[in-house]
Amino acid sequence: MLTKSMRLAYLVLAALFAGATHAEEGDYSSLQTLWNLAFPPGPDNPVRASETTGTYGLKRNPAGYADGWQPGAYYRWQTVKLAPSTGAVCGNGSQYKFFVNRVPSTRNTIVYMEGGGACWDYPSCTGASGIRGARNPNGIPDNYLDILANPGTSLVSPFIVRLHPYNAVKTQNWNMIYVPYCTGDVYSGDKVAVYNDPSGQNPSLIWHHNGLRNTRAVVAWLRDHLPRSTQMLSTGCSAGGIGSLDNYAHLRRDLAPTRAFLINDSGPAFAAPVGANPQQYPSVLLHTTIRDRWGLDAGPLPYLKTSVPTFDLQNLGSLYNAIAGRYPNDRLGHTHFWQDLNYSSYSYERFFPEILNAPDLATKEALIHQKWGVDTARLRTSLNALANFGGYFPQFRALNESHCTTVLDFANGDIQERGLELQNFIDSVLDGQGPVLDASEASDAADRAKPFNPLYYLVDLLITGG
Amino acid sequence: MSPRRRNSLIVAGVAAAGAIVWFVRPAEQQQPAQSSVDAIERKPSQSPAPVRAAQPGVPENERPQSRPTVDPRVQKFQQRERFQQEVREFFARAPALPPEQRAARARDIARAITHYEAEGEIAAAEALTLRSGLVRETVADPVEQLVAIRGLQEHYQQQGERKQAEWEARADPELGLYKAREREIVDEVMAMTTIPDGLTRDEYLRRRLQSAREQLNN
């Protein structure tokens, strides 16, 4: 007969034995996981007073601020509100908030930045129809993740769900930070813009391109509420992809994970030296515009350079080399489709008269593809020279204008010529050894020869609101 | 064994005992859980599941009257773990399952998804993705499959639009007050010929507006 004390001893031994096995670096032992259910671990590296100062210091929520956080509410998407004193704000002046989904079993964390276009003038920032603009011009609802808000570039990514029917990735077991997008500045800006209505019929639009300060406030909150990550992935698609790139250095520095990863999905910062010839560097016109409208040269770019000293302030595309060199042991990746027709349209459509005034859609798309090809080829060459920064460039997917390789699923980002799937690239970044995989697809023929995918068709309907 | 390691083990042992004392408490009733779906449909306060680790090898007639049971938080965690395992196994093995068994398990998983949605532990997009996957595994006819998935999308779309409308219908007096003040401040700062404190106009404007938000939020 087993006595109660024997059972207790058995449980102690079982728990201790279980504690010796960890699924992966950063996971808690079984015993610690159980303990965490009752006693959620708090911060072990809170913001120090010295870090709160300076233009982009880590501004904390005031003590006792009702941010909505419940430390023990595991697996729920919790809405965390940031006080105005943190400097955080949405483009329209409403409160900035973000979302946390915590687990008791690991310290590892994914920081996922939401995608959703960009804006730099009155029509694009007001969400006028007929023009590509930015997400959430009216701010972020508290129940944002309940409303299927952004299927094209957000929660349907296998990176940021706990369960996915067909794709497994280790971040599905991690703490998840969903950083929503409401400033139209790819998380990089710091300027209150006043945009006049070109028709003169409406009052000017006051718009807070406040992305960098918002991200800094998120970092401060994470430092003050969660344990330091052992592994951290910074990722996102589109605006969230470039957001994960341009915020990587300060996230990396201030969240201080033991191992850090970056996957920039379809948010390239192409090479574009200031004053360059647009025919040679097609993104230079976009970059010139956003540098001014988002206030990049006044604060954000010099601030970025303090973290990655080799970043060339005259060329946003130098960020890849600068980050790779600054963090040689981090595993970094960039991916997008050669046939992306979304980010490319943002990049060129409104800056090249021959595109804007193209006689037909086919001509317009061909011109956009041509410029995207120039920029992509240069980025590919650049990444090929970086051992710890891989580039993965498949051709085409019949979903979302071939925009974002990692949304919905990891399928059909294959490079048939080399027998590669997108998952190979993701695994190379997150679990690989040695140089990060570089791969590029030369022809889109095999992709276009695939049979009609009804699921993609339906998702496209959802994305377009059809 | 080094003294440091020995001390660590002692500390771990004490912590383990503490954790067990905390989590394991006597209960008068218990029913074994058969699956994550069975478990989640029984409220913890009504009939919690047993501590499985304590049960193996214990004959039924030798179990004490007052048996240990699991803290509801642990029970919920275990249920969640089982649910996740079951979903992963289902999608990995579904094509090999007999159709009736596949359909039955898909129904169970769908019920569990409903439960976790209500608990706020599965967001709308994740639920839609999972339910679409269940349809793909259980509806053979391609047209019926499309219709079913489209129906799911419309359901979540309509639900989302309703929630969005509810959110937008809420009055936000603070934002309304701020927007009025924002316009005044912008007009004032744009008209200034000199900017105080050696600041740029942009930085001065940003500070003034943040200050206005802080005042309204207090």
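Residue numbers here run from 1 along each chain, matching the order of that chain's written sequence. To label them, take the chains in the order written and letter them from A, then take the ligands in the order written and number them from 1. Totals for whole chains, interfaces and linings use all residues, but because this is a predicted model, local features are given only for residues with pLDDT of at least 70 and pairs of side-chain atoms are given and counted only at 80 or more.

**Student:** Quick question: what am I supposed to make of the packing of helix H4 (residues 211-225) of chain A against helix H6 (residues 248-255) of chain A here?
**Tutor:** All names here are of chain A. Where helices are involved, their axes are fitted lines through C-alpha atoms of the stretch in contact, as for all axes, and angles between N-to-C directions lie from 0 to 180°. Helix and strand assignments come from DSSP, with helices taken as H or I runs of at least 4 residues and strands as E runs of at least 2, each series counted from the N terminus. At a closest axis distance of 10 Å, the pairing of H4 and H6 adopts a crossing angle of 20°. Between H4 and H6, the angle falls in the class roughly parallel. Note that H4 runs across H6; the crossing there is right-handed. Between H4 and H6, the contacting residues are Val-219, Leu-222 and Arg-223 on the first element and His-250, Leu-251, Asp-254 and Leu-255 on the second. Residues are grouped as follows: nonpolar covers Ala, Val, Leu, Ile, Met, Phe, Trp, Tyr, Cys and Pro; charged covers Asp, Glu, Lys and Arg; every other residue, Gly included, is treated as polar. A per-class count over the contact of H4 with H6 returns 4 nonpolar, 1 polar and 2 charged. Each angle is binned into one of four classes, with values under 35 degrees roughly parallel, values over 145 roughly antiparallel, values of 65 to 115 roughly perpendicular, and all other values oblique. Helix crossings fall into two classes, left-handed where the near helix is turned counterclockwise from the far one by less than a right angle and right-handed where it is turned clockwise. In this description, any two residues whose backbone-derived C-beta atoms lie within 7 Å of each other are considered to be in contact.

**Student:** Whenever I open this one, helix H5 (residues 124-138) of chain B confuses me. Can you help?
**Tutor:** For an α-helix the count is 3.6 residues per turn, leaving residues at separations of three or four pointing the same way. Here, expected helix span is obtained from the residue count minus one, scaled by 1.5 Å. In a regular helix each residue adds 1.5 Å, so 15 residues correspond to 21 Å; H5(B) covers 21 Å between its end C-alpha atoms and thus fits that length. The buried fraction of H5(B) is high, at 13 of 15 residues. Burial in this document is a count-based property: other C-beta atoms within 10 Å of a residue's C-beta are tallied, and the residue is buried at 20 or more, exposed at 12 or fewer, or partly exposed in between, with C-beta positions derived from the backbone.

**Student:** Explanation requested: the environment of A:Ala446 in the structure shown.
**Tutor:** Residue and element names in this part refer to chain A. With respect to the helices and strands, the residue Ala-446 is situated in helix H14 (residues 445-448). Judged by the 14 C-beta atoms lying within 10 Å of it, Ala-446 falls in the partly exposed class. Through-space distance from the C-alpha of Ala-446 to that of Gln-416 is 7.3 Å; in sequence the pair is 30 residues apart.

**Student:** How should the pairing of strand S8 (residues 259-265) of chain A be read in this particular structure?
**Tutor:** Where a strand is regular, its side chains alternate between the two sheet faces. Residues and elements named next belong to chain A. Taken across its 7 residues, S8 has 6 buried, putting it largely inside the fold. Pairing of strand S7 (residues 231-237) with S8, which is carried by 7 bridges, proceeds in the parallel orientation. Counterpart to Ser-234 in the pairing with S8 is Leu-262. In terms of strand pairing, S8 meets strand S9 (residues 331-335) through 5 bridges, oriented parallel. The residue bridging Leu-262 from the neighbouring strand is Leu-332, located in S9. Pairing between strands is defined by DSSP: at least two bridges between the two strands are required.

**Student:** So what exactly am I meant to see when it comes to helix H13 (residues 422-431) of chain A here?
**Tutor:** Taken as a whole, H13(A) has its buried residues at A:Leu422, A:Phe425, A:Ile426, A:Ser428, A:Val429 and A:Leu430. Buried positions along H13(A) lie against S7, S8, S9, strand S10 (389-393) and strand S11 (439-440) of chain A.

**Student:** What is the right way to read the packing of helix H15 (residues 454-463) of chain A against helix H6 (residues 142-169) of chain B from this model?
**Tutor:** The relative placement of two packed helices comes down to the angle between their axes together with the axis-to-axis distance. At their nearest, the axes of H15(A) and H6(B) sit 10 Å apart, and the two run at 20° to each other. Accordingly, the angle class assigned to the pair H15(A) and H6(B) is roughly parallel. Between H15(A) and H6(B) lies a crossing whose hand is right-handed. From H15(A), A:Pro454, A:Leu455, A:Leu458 and A:Leu462 reach across to H6(B), where they touch B:Pro142, B:Leu146, B:Ile149, B:Arg150, B:Gln153 and B:Gln157. Split into classes, the residues belonging to the contact of H15(A) with H6(B) amount to 7 nonpolar, 2 polar and 1 charged.

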